[in-house]
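Listed below, chain by chain, are the residues.
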Amino acid sequence: MTSEQAISVRNLIKRYPQSSSNAVDGVSFEVERGGIFGLLGPNGAGKTTIIGVLTTAVIPTGGEASITGFDVVREQIRVKQHIAVVPQRPNLDRSLLVREILTFHAAYHGVPRREREAHADQLLKELGLYERRNEKADRYSGGMSQRLMIARALMHKPDVLFLDEPTNNLDPQSRLFLWERIRALNEQGLTILLTTHDMDEADQLCQRIAIMDLGRILVNDTPAELKKLIPGGNSLELHVETAEPAVLVERFGALPGVSKVEEVPNTGAEAEPGVTSFHVFAAEAGALVGAAAQAILEAGARVRDIRVRQATLEEVFIYLTGKHLR
Amino acid sequence: MITTRYETSRTRLALGAFVATLHRDLVVTGREFVQFLVTALMQPIFFLFIFGKILPSIGLAAQGFTALLLPGIVALSSMLASLQGVTLPLVLDLGFAREIDDRLLAPLPAWMVAAEKLLLASVRGTIAGLTIFPIGFLILGNTFAVRTDRLGTLALMILLTAATGAVIGLLMGTIIKPEQISLMFTLIFTPLIFTGCTYYPWPALNHIRWFQAITMINPLTYCSEGLRYAMVPPVGGHQIPTMGIGWVIVALIVGIGLCGFAGTRTFLKRVVS
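Bear in mind that the values here come from a model prediction, so they are computed numbers and not experimental data.

Enquirer: Which residues make up the overall build of chain A, and what values go with them?
Expert: When helices and strands are counted, chain A shows 11 helices and 14 strands. A compact globule built from 326 residues would reach a C-alpha radius of gyration of about 20 Å, whereas chain A, at 25 Å, exceeds it by more than 25%. Buried residues in chain A amount to 42% of all 326 residues. Contacts in chain A between residues at least 24 apart in sequence constitute 69% of all its contacts with a sequence separation of at least 6.

Structure, rendered in structure tokens:
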């Protein structure tokens, strides 16, 4: 039994007992085999509940979800066989030594002894934990625990890996290391679903991103497409030495595809006398760099700086989910 | 990573996972064995010493009392060892450590994770109960007396006692919140220990009917009485009176079934939402 989709979620609803609203409220999405999919959303958006459903820890109130074609409610054993989870908080077995955490995990999944011993050593080496394999995990730092949980997740060679806010509380080195590992694992064919509220992380890693709020998916697209969602999100930022800004506004406005030109008030510490800044909004702002420079020259002005500004995911996120705290 | 494991049947996967989790617990128990024995046996050893040795020696308890006490101590040790083997770790684990999650993600149904806990706790309770025999022999010396013609009943009673402790432990472990631990232990353990006919035979309470009725709510009463039936040698050709062994066994089996069912349900509620 195989399926093209590694993860398939259809009209998923979860309402917890004694709750007046749905934690997950009619969510549908699919992740194809070998994809990296990001669930982005503020706290309480329903990300962890979705992971819970997909990893058999939460029973959905309505809708359907399956992993590589196996229904998460009816085929729990098969689902568990194919998934691995790296949770938000360390849940390492502190009664065992580090290496045993890996070998026992593999034993739970029926990996033969010789294979699990070799695989454990290999992963411990790859993740830089081999020297400290005979310690207890409670002596590990946050970054090491995280790496150990990833090693544990890989011990039974899952098809789908769930990472719940994987780089929360990690130092920058650990974060970069983890990103590299995630990409490498994905290149080996592992399907990855990660939740995060770190926009940079989502942008760096994910091929597709769903932005969630209040139990619903607001948008589901590639990072590049998401950034186009903000009206005028794509723009040229020009700094020009000119005596006649109004002429330039007119000339920029005449360039192909331009929707709006703004003369930016030149105030603040960085303001230079004689230099005016402009924002030129267009669907394909990057393609206008040459034409804009030409226009500036023709107007007898001098270019000081031209930049293509893309909206960040963070702007998209705030644009979609609002600024209020929750 | 290409999936190549469809051929393993679900039953085999689940059984393999069950055996592996049991193996994990046996390894950990083995490593903490001395600590386990000290925790399980400290209290019973002192009870045996004071009530079974000192009090009879200074004439405050009858000589025959020791023979009645020993089965009670076996019951108490066995039940507490298996009960504590589940309750405390489970309260902490479900409360915040969540170390159990790795086993819940193993390819076996969640109820089998609970069943494995019950099995392991029963093993611990059985070991603790059996250890009382050599210790009792050492402490009590020539007043140590156990009849040897009911060994089958004795073995069954120790297993039932350990299993009773395990199912109560599972139920408590899944109900108690971490912040309630010390209160619940006092509220449950103290009455459990003192109303369980550990230090007195149940038929002797015939004159204090209301208290006798209370002891019947306590599962430890049935364990103590069943072990008394299996262990206390006849005096002058007379059996000492105990609760009927048939009733004891039926009550314990029914109790284990009900409590085990309830405990597994509360366990599932805690791990699957």
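Enquirer: Outline helix 2 (residues 33–57) of chain B, supporting the account with residue identities and numerical values.
Expert: Residues and elements named next belong to chain B. End to end, helix 2 covers 33 Å across 25 residues, agreeing with the expected 36 Å (1.5 Å per residue, within 8%). For helix 2, the principal kink sits at Leu 41 and spans about 45°; a proline, Pro 44, occurs within the next four residues. Taken residue by residue, helix 2 has Ala 40, Pro 44, Leu 48 and Gly 52 as its buried positions. Among the structural elements, helix 3 (65–97) and helix 5 (110–140) are those in contact with the buried residues of helix 2. Residue Gly 59 follows helix 2 closely and has a positive phi angle near 80°.

Enquirer: So what's going on with the interface of chain B and chain A? Residues and values would help.
Expert: On the chain A side, the residues contacting the 27 residues of chain B number 29 residues. Of all the secondary structure elements, the ones that give two or more residues to the side of chain B that touches chain A are helix 1 (10–31) and helix 4 (101–104) of chain B. Here the side of chain B that touches chain A takes 10 residues from helix 1 of chain B, the largest share from any one element. Taken together, the residues of the side of chain B that touches chain A sort by class into 13 nonpolar, six polar and eight charged.

Enquirer: Which residues make up the domain arrangement of chain A, and what values go with them?
Expert: Much of the literature gives interface size as the accessible area that the parts lose upon coming together. Once the domains are mapped, chain A shows domain 1 (5–96 + 151–224) and domain 2 (235–310). Inter-centroid distance (C-alpha atoms) of domain 1 of chain A to domain 2 of chain A is 43 Å.

Enquirer: Can you tell me about the nonpolar core, naming the residues and giving the values?
Expert: With 142 residues, the main nonpolar core has Leu 54, Ala 151, Phe 162 and Leu 193 of chain A together with Val 167 and Cys 223 of chain B as its most contacted residues. In terms of residues, this core owes the most to one element, helix 3 of chain B, which gives 16 residues. Ignoring anything within four residues of it in the chain, the contact list for Val 167 of chain B reads Leu 118, Ile 256, Cys 259, Gly 260 and Gly 263 of chain B. Among the nonpolar cores identified, the runner-up in size contains 15 residues, and Val 240, Phe 278, Ala 282 and Ala 301 of chain A belong to it.

Enquirer: Describe helix 6 (residues 172–187) of chain A, naming the residues involved and giving the relevant values.
Expert: All names here are of chain A. Under the 1.5 Å per step criterion, the end-to-end length of helix 6 is 23 Å for 16 residues, consistent within 8% with the ideal 22 Å. Restricting attention to buried positions, one finds in helix 6 the residues Arg 175, Leu 178 and Ile 182. Taken down its axis, helix 6 places every buried residue within 65° of arc, on the same side. Facing away from the buried side of helix 6 by more than 90 degrees, the exposed set consists of Gln 173, Glu 180, Ala 184 and Glu 187. With its phi angle positive at about 110°, Gly 189 sits one or two positions after the end of helix 6.

Enquirer: Describe the pairing of strand 10 (residues 216–221) of chain A, naming the residues involved and giving the relevant values.
Expert: Working note: regular strand, side chains alternate between the two faces of the sheet. Residues and elements named next belong to chain A. Where strand 9 (residues 208–213) and strand 10 come together, five bridges link them in antiparallel fashion. Following the sheet pairing, Ile 209 is matched in strand 10 by Asp 221. Counting the residues between successive antiparallel strands, the hairpin from strand 9 to strand 10 contains two residues, one of them, Leu 214, with a positive phi of roughly 50°.

Enquirer: Got a sec to walk through the environment of Arg 209 of chain B? Specific residues and values, please.
Expert: Residues and elements named next belong to chain B. Mapping Arg 209 onto the fold places it in helix 8 (residues 209–215). With 9 C-beta atoms counted inside 10 Å, the residue Arg 209 sits in the exposed group. Taking the C-alpha atoms as reference points, Arg 209 and Leu 227, separated by 18 residues in sequence, lie 22 Å from one another.

Enquirer: Report on the pairing of strand 6 (residues 83–86) of chain A, specifying residues and quantitative values.
Expert: All names here are of chain A. Side chains Ile 83 and Val 85 of strand 6 all project onto a buried face; the interleaved residues Ala 84 and Val 86 project onto the opposite face, where all are buried too. When strand 6 meets strand 7 (residues 160–164), the two strands line up parallel, connected through four bridges. Bridged to Val 86 within strand 7 is Leu 163.

Enquirer: Let's hear about the sheet that holds strand 6 of chain A: which residues, and what values?
Expert: Residues and elements named next belong to chain A. Here we have six strands laid out as an open sheet, ordered 6-7-8-3-9-10, and mixed in their pairing. Two strands close off the open sheet at either side, each with one partner strand: strand 6 and strand 10. Averaged over all neighbouring strand pairs, the angle between strand axes comes to 15°, with direction disregarded. Where strand 3 (residues 36–40) lies against strand 9, four bridges are found, and the strand directions are parallel. Within strand 9, the position partnered with Phe 37 by the bridge is Arg 208. Those strands touched by helix 5 (residues 142–154) are strand 6 and strand 7, and its axis lies near 175° from that of strand 6.

Enquirer: Which residues make up the sheet that holds strand 2 (residues 24–32) of chain A, and what are the values?
Expert: The pairing of strands in a sheet happens through backbone hydrogen bonds and is either parallel or antiparallel. Residues and elements named next belong to chain A. One open sheet accounts for four strands, arranged 2-1-4-5; its pairing is antiparallel. Unpaired on one side and paired on the other, strand 2 and strand 5 (70–71) mark the two borders of the sheet. Examined bridge by bridge, strand 1 (residues 5–14) and strand 4 (residues 62–67) share five bridges and lie antiparallel to one another. When the bridges of strand 4 are listed, Ser 8 appears paired with Ser 66. Contacts from helix 1 (residues 47–54) reach strand 1, strand 2 and strand 4 within the one sheet, and its direction differs from that of strand 1 by about 120°.

Enquirer: Can you lay out the packing of helix 9 (residues 219–231) of chain B against helix 10 (residues 245–271) of chain B for me, pointing to particular residues and giving the numbers?
Expert: Residues and elements named next belong to chain B. Between helix 9 and helix 10, the least distance of the axes is 9 Å, while the angle of their chain directions is 140°. Taken together, the axes of helix 9 and helix 10 lie oblique to each other. Helix 9 and helix 10 meet at a crossing whose hand is left-handed. Contacts between helix 9 and helix 10 involve Pro 219, Tyr 222, Cys 223, Glu 225, Gly 226 and Tyr 229 from the former and Ile 245, Val 248, Ile 249, Ala 251, Leu 252 and Gly 255 from the latter.

Enquirer: How would you sum up the confidence of the model for chain B? Please name residues and give values.
Expert: Interpretation of the predicted coordinates at a detailed level should be avoided for regions scoring low in pLDDT. Chain-level pLDDT for chain B is 90 on average; 97% of the residues reach the 70-or-more range. This prediction of the complex comes with two scores: 0.83 for pTM and 0.86 for ipTM.

Enquirer: So what about the packing of helix 6 (residues 151–175) of chain B against helix 9 of chain B? Which residues, and what values?
Expert: Residue and element names in this part refer to chain B. It is at 9 Å that the axes of helix 6 and helix 9 come closest, and there the two elements cross at 165°. The angle between the axes of helix 6 and helix 9 places the two elements in the roughly antiparallel class. Note that helix 6 runs across helix 9; the crossing there is left-handed. From helix 6, Thr 153, Leu 154, Met 157, Leu 160, Thr 161, Thr 164 and Ile 168 reach across to helix 9, where they touch Pro 219, Cys 223, Gly 226, Leu 227, Tyr 229, Ala 230 and Met 231. Across the contact of helix 6 with helix 9, the residue classes break down as 10 nonpolar, four polar and no charged.

Rules and cut-offs
Residues numbered from 1 in each chain as written. Chains lettered and ligands numbered in written order. Predicted model: local features only at pLDDT ≥ 70, side-chain atom pairs only at ≥ 80, totals over all residues. Helix = DSSP H or I, 4+ residues; strand = E, 2+ residues; numbered from the N terminus. Rg over C-alpha atoms; globule rule 2.2 N^0.38 Å. Buried ≥ 20, exposed ≤ 12 C-beta atoms within 10 Å, placed from the backbone. Contact = placed C-beta atoms within 7 Å. Expected span 1.5 Å × (residues − 1). Bend = angle between axes of the 7 residues up to and from the residue. Nonpolar A, V, L, I, M, F, W, Y, C, P; charged D, E, K, R; others polar. Domains from an automatic or database assignment. Core = buried A, V, L, I, M, F, W, Y, C linked by C-beta atoms within 7 Å. Arc of directions from axis to C-beta. Pairing = 2+ DSSP bridges. Axes fitted to C-alpha atoms, helices over the stretch in contact; angles between N-to-C directions. Parallel < 35°, antiparallel > 145°, perpendicular 65-115°, else oblique. Left-handed = near helix turned anticlockwise from the far one by under 90°. pLDDT = per-residue confidence, 0-100.

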